[in-house]
Amino acid sequence: MEAIGAEGDLQVGPSSDERFGDYQCNCAMRLAKQLGDKPREVAQRLVDALEIDDLAEPPEIAGPGFINLKIKTAYVEQ
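Residues numbered from 1 in each chain as written. Predicted model: local features only at pLDDT ≥ 70, side-chain atom pairs only at ≥ 80, totals over all residues. Heavy atoms only, no water.

A. Just the overall build of the protein, in detail. Counting its regular elements, the protein contains three helices and four strands. Its helices and strands taken in sequence order, the protein reads β-β-α-α-β-β-α from the N to the C terminus. The C-alpha radius of gyration of the protein comes to 12 Å, within 12% of the 12 Å expected for a compact globule of 78 residues. With respect to the three principal axes, the spread of C-alpha positions in the protein is 40 × 25 × 15 Å. Burial status across the protein gives 29% buried among its 78 residues. Long-range contacts, defined here as pairs at least 24 residues apart, represent 36% of the contacts in the protein between residues at least 6 apart. Carbon and sulfur atoms make up 49% of the accessible area of the protein, which totals about 5,400 Å². Here the protein carries 8 positive and 15 negative side-chain charges, and the mean point of each set is 8 Å from the other. (Helix = DSSP H or I, 4+ residues; strand = E, 2+ residues; numbered from the N terminus. Rg over C-alpha atoms; globule rule 2.2 N^0.38 Å. Buried < 20%, exposed > 50% of the residue type's maximum accessible area, 1.4 Å probe, protein only. Contact = heavy atoms within 4.5 Å. Areas by Shrake-Rupley, 256 points an atom, 1.4 Å probe, with all protein chains shown as cover. Lys, Arg positive; Asp, Glu negative; His and termini not counted. Charge placed at Lys NZ, Arg CZ, Asp CG, Glu CD.)

Here it is in structure tokens:
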């Protein structure tokens, strides 16, 4: 959050549909109002700031700014 100049909780939780990954983050819509940007742009800024290459596949942005995360199988196996 700090990396994009925002405050608040990322709101990461289990995905509502496994087709979209293991976890999802829905905070871009809320943060867009706070930052005065479009939700998809905020989502992209969040994704760009993430350092999770060893943990997850590259995050995907869907719809108006949902961030979908899929944990790497190799990480789970460790």
